[in-house]
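The residues making up each chain are set out below.
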Amino acid sequence: MSGQDSTVIGVVIIARHGDRLEFYQDPDTYAVTATDITPLGEQQEWQLGNLLRSIYLNESSPSFIQGIAPSSSTFNVDQVEVYADNSGIDSVIMDSCAALVQGMWQATPQQNISLANGTTITSPLGGYQYVPINSVQPSTDVSLEGTTDCNTLDTRTEAFYNSSMFAQKAQEAEPFLSQLQPYVGGRPVELSNMWNIFDYMNVQSIHNATFLANLPPTFLAQARDLCNWHEYNVFSDPSFTGVGNIAFQTMLPGILNSIDSITNSSTGLKMTYYAVAYKPFLSMFNMTGVVNAGELPGALIDYASAAVFEIRQSSPTSEPVIRFQFKNGTQDAGFTTYPLVFADWNGTGGEDVPVSTFAAAFGKAAVNTTLDWCNVCGQTTERGCATALAAAAYTSGAGSSSKHQLITPVGAGFLGAGLTAAVFLMALGALMFLGVLTAGMGKFRKRQSHAASVEGGTRKMRGDELELHSEANSYAAPSLTHT
């Protein structure tokens with residue numbers, strides 16, 4: 001199907017944060033230290049938002065989303081959902097998200113109200129539009145940060161470091177690594193630490209003129225190539241459902257639910273935007289087959305890169321299809337379409353994949369609940385696993401040993417599709433009967449942007465709602481550069 005015979009009915013956007021100062025990641029567990037976004041990063045995100053605005057909100061664009069409030073009007077909160085990973089790298093992703101939505105929904109004099117006395121009041125800053133951002137807290141929601149505290153992923157990473165493949169690569173890289181000590185800011189110069197080596201060199205080359213002048217011309221490119229190899233091998237997996245893909249697997253329930261909602265015109269949803277770090281992109285490139293097909297390299301993406309799953313339709317009675325677009329930061333002027341290759345879709349059918357085919361394949365790999373994530377990652381205590389496992393134990397009638405474990409505001413830690421409402425209510429009833437549920441009953445929240453308001457970067461939700469995206473259950477080279 002070509003772009004001329006289909007129209008865009010909705011999009012799911014996944015974008016990386018903008019330029020930031022360097023930070024350190026533990027090479028074994030990827031626990032991170034603090035960092036800050038820069039004005040350059042904010043500009044990169046604003047420009048990306050402005051480009052997305054011109055493509056999807058401009059009524060004269062061939063990719064204008066049918067039925068969405070256009071750029072000539074004001075933001076419609078019922079049509080858009082925005083989620084940002086409020087992770088361990090401070091506010092970088094949240095700030096990037098805020099800058100991107102500023103670029104998409106810019107200040108307009110139409111953002112006003114007429115008072116009874118005849119006065120018209122325009123919002124501050126020339127009609128600034130306040131787009132609600134759902135802050136996704138990794139401690140209570142694993143959907144946008146599936147890799148943290150994942151014990152099986154850490155074990156897999158350690159096995160990678162001990163593999164013959166890694167030993168061979170380290171031997172090949174040794175002549176280069178032995179020259180890097182003056183340029184790494186005291187970081188250990190080892191292949192296993194390649195992320196931190198490259199990140200320091202990359203950030204310094206952007207923000208430190210003296211460092212850039214003294215850095216040998218080929219060193220940054222060589223460090224980037226080694227980092228690309230290192231990170232892709234950590235955050236991808238030969239198996240479609242393997243734990244190396246966990247960064248994208250935890251995002252899949254939300255993505256599939258958004259696609260389902262977009263294709264259901266009664267919901268009104270037209271766009272979902274996820275602001276994340278780089279790791280989900282590596283898993284996504286692997287799972288969608290664009291790396292194995294040679295379309296994109298298995299490499300880090302630039303700051304402010306974005307992938308878009310366009311949901312298209314050629315007629316009201318035809319099945320919607322998905323088209324995959326990607327833009328690698330500022331080095332790409334625009335988005336490029338890449339054909340997908342995965343189980344039951346070898347790419348020969350064209351660049352557009354039927355929604356049912358996409359959903360059936362990726363639904364099998366989705367990590368649908370926090371409980372699922374706890375089991376996949378071999379985690380029993382962190383990120384809500386203690387309560388999720390306790391709730392599961394009580395539901396199965398085997399919870400006596402956990403009888404005195406309090407339920408936190410995380411509740412059962414559901415991230416999306418999976419357990420049914422009936423099962424959850426049974427668990428909740430058991431906990432209340434046993435006197436375990438002592439606080440936080442009003443803190444179960446439905447992730448719903450049109451019911452949320454952003455206050456200090458944290459969403460406020462209706463306390464009587466719980467997110468249970470049960471719809472998802474039906475879904476039986478040249479390097480990319482900056483970090």
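Residues numbered from 1 in each chain as written. Predicted model: local features only at pLDDT ≥ 70, side-chain atom pairs only at ≥ 80, totals over all residues. Heavy atoms only, no water.

The protein carries the name Phosphoglycerate mutase-like protein in an unreviewed UniProt entry, which gives Fibroporia radiculosa as its organism.

Engineer: Now, about the packing of helix 5 (residues 164–177) against helix 8 (residues 219–234): what can you tell me, with residues and values included?
Structural biologist: One can describe the packing of helix 5 onto helix 8 by two numbers: an axis separation of 12 Å at closest approach and a directional angle of 165°. Regarding the angle of helix 5 to helix 8, the classification is roughly antiparallel. When you trace helix 5 past helix 8, the crossing you get is left-handed. Across from M165, F166, K169, A173, F176 and L177 in helix 5, the residues of helix 8 making contact are F219, Q222, A223, L226, W229, H230 and N233. Here the residues of the contact of helix 5 with helix 8 sort into nine nonpolar, three polar and one charged. (Axes fitted to C-alpha atoms, helices over the stretch in contact; angles between N-to-C directions. Helix = DSSP H or I, 4+ residues; strand = E, 2+ residues; numbered from the N terminus. Parallel < 35°, antiparallel > 145°, perpendicular 65-115°, else oblique. Left-handed = near helix turned anticlockwise from the far one by under 90°. Contact = heavy atoms within 4.5 Å. Nonpolar A, V, L, I, M, F, W, Y, C, P; charged D, E, K, R; others polar.)

Engineer: Account for the pairing of strand 7 (residues 306–313), naming residues and giving values.
Structural biologist: Each regular strand carries side chains that alternate between the two faces of the sheet. Within strand 7, eight of the eight residues are buried, leaving the element largely enclosed by the surrounding structure. Side chains A306, V308, E310 and R312 of strand 7 all project onto a buried face; the interleaved residues A307, F309, I311 and Q313 project onto the opposite face, where all are buried too. Here strand 1 (residues 7–16) pairs with strand 7 via eight bridges, running antiparallel. Counterpart to G10 in the pairing with strand 7 is I311. As paired elements, strand 7 and strand 8 (residues 321–327) share seven bridges and run antiparallel to each other. Within strand 8, the residue paired with A306 across the bridge is K327. (Buried < 20%, exposed > 50% of the residue type's maximum accessible area, 1.4 Å probe, protein only. Pairing = 2+ DSSP bridges.)

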